[in-house]
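Descriptive structure summary
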Amino acid sequence: MTGDEILLRKFEGAMLGAAVGDAIGAPVEGFSGERAARLYDERGWKMVSGRYTDDTEMMIGVAESLIACRGFNGEHMAMQFLRNYDGSRGYGPGTEEVFRILRRIGCQRWREASLSLFGGEGSYGNGAAMRVVPVGLLYHDDVNKLVEVSYESSLITHAHQLAKEGAALQAYAVALAVRSDTGGERLKMLRALKEAPISSSYMEKLSRIEEILRMERHDDEVRKRVISELGNGIEALNSVPTAIFSFLHTENFVESIKFAISVGGDTDTIAAMTGAISGAFHTVSEIPDYWLTDLERQSYIRQLADNLHKLWKEM
Ligand SMILES: [Mg+2]
């Protein structure tokens, strides 16, 4: 396989990996890790319905807008989010509130809508990080641009610094996974992540990741430490590091998703973010057919990945 073919498979792996993680995590969202893993163990890790949630719907919107505008355009991306919005996909109340504001004031004022949430602080949820995959792909070789577009695309719905940094960190993890050779060293990637422009709260989490990775591997203990020290919640700070860990701790795509699910909590988003990094690293060839076949709109998501790859080559 040529380098370009491998790169294409990495783009497809990231997009489809995220959607697969989302669809697997959705039916067990809010479960304890034990209960979530038990449900899937009993069904041989087959998907329940293959239906994805807001995470994938918004990731699709980010990709569609980047492709249509050949780069970031805030007004267009906000409009794309509104066009794609399907209320049955489990959107968070904060994002739905932003959508109401955008419909009222118009998408040309996309910089303002998210700022009015939470008393002017903006949301620090993981809603910007969960959809950022296409940004990590398109700018995988340009960190400054990657950070800039991660921040800007976050601002449409999530204005808080921790949400924006979480999105940039997730995009950067995807980018590093795209850039690394399959089989490359994981700790090297963790060291590179520490060079991302993130504040001390995230830096502290990355140090915890390293500590837990160095533990002798007793899975229950590892899981307990991940839940208590990295988190399994809806805040970007308490879920992006967990997704990064789920990838770094495991050897292949399937195991990374299984680990993410076994942490419980915000499983659809954590598994989606894990699947994006893991899929980018291991390529689409490692995502089992029994997951891809069951995934809703599989071929459309693959086509978006192919178009992002084409756009990257033309830029
Ligand atoms: Mg969701």
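The following paragraphs examine the structure supplied in this document. Remember, predicted model here, so these are calculated numbers, not experimental data. (Residues numbered from 1 in each chain as written. Predicted model: local features only at pLDDT ≥ 70, side-chain atom pairs only at ≥ 80, totals over all residues. Heavy atoms only, no water.)

Regarding the pattern of salt bridges
Quick note on the threshold: Salt bridges, as used here, are contacts in which a Lys or Arg side-chain nitrogen is within 4 Å of a carboxyl oxygen on Asp or Glu. Only runs of H or I of at least four residues qualify as helices and only runs of E of at least two qualify as strands under DSSP, and these elements are numbered from the N terminus. For the exposure calls, accessible area comes from a 1.4 Å probe over protein chains only, and a residue counts as buried if that area is under 20% of its type's maximum, exposed if over 50%, partly exposed in between.
With the rule as written, the count across this model stands at 19 salt bridges. Among the ionic pairs, glutamate 204 bridges to arginine 208, the shortest N-O distance being 3.1 Å. One end of the pair, glutamate 204, and the other, arginine 208, are both in helix 11 (residues 200–213), four residues apart, so they sit about a helical turn from each other. Judged by its relative accessible area of 42%, glutamate 204 is partly exposed. On the basis of relative accessible area, arginine 208 is assigned to the partly exposed category, the value being 27%. Salt bridges here are not isolated pairs; linked through shared partners, they connect Arg51, Glu57, Asp86, Arg89 and Glu296.

A look at the coordination of the magnesium ion
Worth spelling out the cut-off: With water omitted from the atoms examined, metal sites may look incomplete; donors here are N, O and S atoms no farther than 2.8 Å from the metal, or 3.2 Å in the case of Na, K and Ca.
Protein ligation of the magnesium ion involves Thr53 (OG1), Asp54 (OD), Asp55 (OD) and Asp268 (OD), the donor distances falling in the range 2.0 to 2.4 Å. Here aspartate 54 falls in the buried class, since its relative accessible area comes to 8%.

Considerations on the side chain of threonine 242
Spelled out, the test is: Any two residues whose heavy atoms approach within 4.5 Å at even a single point are treated as in contact.
Tracing the sequence through the fold places threonine 242 in helix 13 (residues 240–248). With relative accessibility at 0%, the residue threonine 242 sits in the buried group. What threonine 242 contacts, discounting residues up to four positions off in sequence, is Val226, Leu230, Gly231, Val263 and Ile270.

Structural notes on the packing of aromatic side chains
Selection rule: Whether two aromatic rings pair depends on their centres lying within 6.5 Å, for rings of Phe, Tyr and Trp, where Trp uses its six-membered ring; planes under 30 degrees apart make the pair stacked, over 60 edge-to-face, and the rest tilted. Note on criteria: charge over ring means Lys NZ or Arg CZ within 6 Å of the ring centre, with the direction from the centre no more than 35 degrees off the ring normal.
Counted under the stated rule, the structure contains nine aromatic pairs. Residues tyrosine 40 and tryptophan 45 carry aromatic rings whose centres are separated by 5.0 Å and whose planes lie at 15 degrees to one another, so their mutual orientation is stacked. When its relative accessible area of 0% is taken as the criterion, tyrosine 40 is described as buried. Look at tryptophan 45 and you get buried, because its relative accessible area is 7%. Within the aromatic cluster, the residues linked to one another by ring pairs are Tyr85, Tyr91 and Phe99. Residue placement shows arginine 35 over the ring face of phenylalanine 31; its charged tip is 3.7 Å from the ring centre. Over the ring of tyrosine 290 we find lysine 46, and its NZ or CZ is 5.4 Å from the ring centre.

What about the state of the cysteines?
Just so we agree on the cut-off: A pair of sulfur atoms, both from cysteines and within 2.5 Å, is called a disulfide here.
Across all of its chains, the model carries zero disulfides by this definition. Not part of a disulfide, cysteine 69 finds its nearest cysteine sulfur in cysteine 107, a span of 12 Å.

Honestly, it's all geometry; don't read function into it.
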